[in-house]
Amino acid sequence: MIKKYFIETFGCQMNVHESEKISGMLESLDFAPATSREEAGIIVFNTCCIRDTAEQKISGNIGEVKALKRADKSRIVAVVGCMTQQKGAAEALAAKFPFVDIILGTSNLYELPAKIVELIERRARHRGKVVAVSFDEKPPIDETVPVTRTSYPNAWVNITYGCNNFCTYCIVPYVRGRERSREPEAILGEIRALLSNGYKEITLLGQNVDSYGNDRADGFGFAKLLREIAAIEGKFRLRFMTSHPKDLSEEVISVIAETPNFCKNIHLPVQAGSDRILKAMNRKYDRASYLRLVDTIRSYMPECGLTTDIMVGFPGETEEDFLDTMDLTKRVRYHNAFTFVYSPRKGTVAASMADQIPYAVKRDRITRLIALQNAITEEMSGEFVGKTYEVLAEDAPKPGKLCGRTDSGRLVNFNGDKSLVGEFLNVKITKNKASALYGEIENNG
Ligand code: SF4
């Protein structure tokens, strides 16, 4: 069998980081990275089930490897992650794609090396595939998984796994289990090691970072964790995602404001601007408290880059509710918004709500919302032009071209050699084209 692997990752940053762990596990078995499915002996689909469109796309991609499997029967095809963790999904996947060899749920991901060995043994005895999907709501956190990082100069660091919030539209608590916080020392040790290995930006990951530590008896919460990270010496950037408006505290806001290494950039999903819909979504905040929170953030950090997630077409959403969302979007003036059409997820409360919104109405609303947010983003982008910002050069997408973000999270494109990736540079913004910013390095000394 070819000792090379190829991973296809779908979904959120959590999955991107989990694929780094899958790489680490496969490399511990002496597999090397491949650049295509064709040259890989093991193909892993790390899946997402947040929306129906994601699942359809993943199914299409899995179907495509059937011919590769037929051409080389020693090839291993594995499907892991959120999609497999839904009730009955593993069985359905196994029936639909009989050529898939390994199916692992979210909490079984770390068994991948053992399952590959088990599969190879079973093959010797002509005994099929390996399926492991456990429904333990609080699976233990495995701190021993090797990680092959692929995002230098940025590094992802999990602080929590799972979610307790049960927003009525969301499948995550069902496929990721209840919230578990990592030990502070494990997080701090990982961050210190990353920084001493040259990483320049750390992004803390959790479904709801603000509730970090709620499952601990000693009161060590997110603000305390941030204070410990703030005490680490050296120049680096810290970001985190995702915040929940019901849990983001003023103490956390003040630590971010007072710590130069912490980016003034908060992703604060609002989802809807109508109290009636927020209640039906079980978001546990209302429009007024959300707007107050935005005011508090801006009173501490006037330049803070605020981004959000907004969903349209939640069951029962009237035109008036939607106009409340439009109005809130105008009032907050987000730097950027990730906009979605509500997609029913089997097993969630909202999927069985009456009054599902017709697709044409959802499409009309999202078109209007995107047009509004694009106009806001473009207008705000114009405010950057002519000013100089510190940008961390993060990538060299083409020879001679670099991109990176400002402290407030805005992506800037500029000319420069790829040897500058990982450097903090002063970049003067020279123009914006719609939401994209373009600049030139100034005073690189
Ligand atoms: S906070 Fe709500 S939207 Fe976010 S993962 Fe948890 S249930 Fe889903």
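For every chain, the first residue of the written sequence is number 1, and numbering continues from 1 along that sequence. Restriction of local features to residues with pLDDT of at least 70 applies here, the model being predicted, together with a cutoff of 80 or more for giving and counting side-chain atom pairs; totals for whole chains, interfaces and linings are based on all residues.

Colleague: Help me get a handle on the site of the ligand, residues and values and all.
Modeller: In this entry, near means the residue's backbone-placed C-beta atom lies within 6 Å of the molecule or strand. All residues in the neighbourhood of the ligand are listed as Cys-163, Asn-165, Phe-166, Cys-167, Cys-170, Val-172, Pro-173, Gln-207, Asn-208 and His-244. Charged means Asp, Glu, Lys or Arg here, nonpolar means Ala, Val, Leu, Ile, Met, Phe, Trp, Tyr, Cys or Pro, and polar covers whatever is left, Gly included. Of the residues assigned to the shell around the ligand, the class counts are six nonpolar, four polar and no charged.

Colleague: Hey, could you go over the pairing of strand S14 (residues 336-341) for me, with residue numbers and the actual values?
Modeller: Strand pairing is assigned whenever DSSP detects at least two bridges linking the two strands. Helix and strand definitions here come from DSSP, where helices need a minimum of 4 consecutive H or I residues and strands a minimum of 2 consecutive E residues; each element is numbered from the N-terminal end. Pairing analysis gives six bridges linking strand S13 (residues 305-312) to S14, with the strands arranged parallel. Directly across from Thr-307, in S14, lies its bridge partner Asn-336. When the strands point away from the viewer and the connection leading from the first strand across the helix to the second strand turns clockwise, the crossover is called right-handed. Crossover handedness for the path S13 to helix H13 (residues 319-332) to S14: right-handed.

Colleague: Explain the sheet that holds strand S6 (residues 130-132) residue by residue, including any values.
Modeller: Within the open sheet, the six strands sit side by side as S2-S1-S3-S4-S5-S6. Their pairing is parallel. Of all strands in the sheet, those bounded by a partner on one side alone are strand S2 (32-33) and S6. A pair of residues counts as a contact when their C-beta atoms, built from backbone coordinates, are separated by no more than 7 Å. Helix axes are fitted to C-alpha atoms over the stretch in contact, other axes to C-alpha atoms as well, and angles between N-to-C directions run from 0 to 180 degrees. Set on the sheet, helix H2 (residues 52-64) makes contact with strand S1 (4-9), strand S3 (42-47) and strand S4 (76-81); between it and S3 the angle comes to about 170°.

Colleague: A description of unusual backbone geometry should follow, citing residues and the corresponding values.
Modeller: Each neighbour pair has its own omega, and for Tyr-152 with Pro-153 the value is 10°, a cis peptide bond. Mapped onto the fold, Pro-153 is located in the loop between S6 and strand S7 (154-158). Here the bond from Met-241 into Thr-242 is cis, since omega is 10°, no more than 30 degrees from zero. With respect to the helices and strands, the residue Thr-242 is situated in the loop between strand S11 (237-241) and helix H10 (250-258).

Colleague: Residue-level account of the packing of H13 against helix H14 (residues 359-382), with values.
Modeller: In contact at an axis separation of 10 Å, H13 and H14 are set at 10° when each is read in the N-to-C sense. Taken together, the axes of H13 and H14 are roughly parallel relative to one another. In this structure, H13 contributes Phe-322, Thr-325, Met-326, Thr-329 and Lys-330 to the contact, and H14 contributes Arg-365, Arg-368, Leu-369, Leu-372 and Gln-373. Convention used here: angles under 35 degrees read as roughly parallel, angles over 145 as roughly antiparallel, angles from 65 to 115 as roughly perpendicular, and any remaining angle as oblique.

Colleague: Just give me the short version of the domain arrangement of the protein chain, but keep the residues and values in it.
Modeller: What fixes the domain bounds is an automatic or database domain assignment. As assigned here, the protein chain comprises domain 1 (4-132), domain 2 (151-263), domain 3 (297-381) and domain 4 (388-441). Relative placement of domain 2 and domain 3: their C-alpha centres are 25 Å apart. Here the side of domain 2 that touches domain 3 is built from residues that sort into six nonpolar, two polar and no charged.

Colleague: Describe the pairing of strand S16 (residues 401-406), naming the residues involved and giving the relevant values.
Modeller: Residues in a regular strand project their side chains so that they alternate between the two faces of the sheet. By the criterion of burial, S16 is predominantly enclosed, with five of the six residues buried. Sheet topology places strand S15 (residues 388-398) next to S16; five bridges connect them, and they run antiparallel. Counterpart to Val-391 in the pairing with S16 is Thr-406. Linking S15 back to S16 in an antiparallel pair, the connection comprises two residues, with Gly-400 at a positive phi of about 80°. Residue burial here comes from a neighbour count, namely the number of other C-beta atoms, placed from the backbone, that lie within 10 Å of the residue's own C-beta, with 20 or more meaning buried, 12 or fewer meaning exposed, and in between meaning partly exposed.

Colleague: Tell me about the nonpolar core, residues and numbers included.
Modeller: Core analysis: the biggest nonpolar cluster contains 100 residues, and Ile-42, Val-44, Ala-78 and Phe-314 have the highest contact counts within it. Top contributing element to this core by residue count: S4, with five residues. Excluding residues that lie within four positions of it along the chain, Val-44 makes contacts with Tyr-5, Ile-7, Ile-22, Ala-78 and Val-80. Grouped together as the second largest cluster of nonpolar side chains are 13 residues, Tyr-389, Leu-392, Val-412 and Val-427 included. Nonpolar core, as used here: buried Ala, Val, Leu, Ile, Met, Phe, Trp, Tyr and Cys residues forming one set through C-beta atoms within 7 Å.

Colleague: Help me get a handle on helix H9 (residues 222-230), residues and values and all.
Modeller: Those residues of H9 not exposed but buried are Phe-222, Leu-225, Leu-226 and Ile-229. Buried residues of H9, viewed axially, fall in a sector of 100°; they line one side. For H9, the secondary structure elements touched by its buried residues are helix H8 (184-196), S11 and H10. Read the arc as the range of directions from the helix axis to the C-beta atoms.

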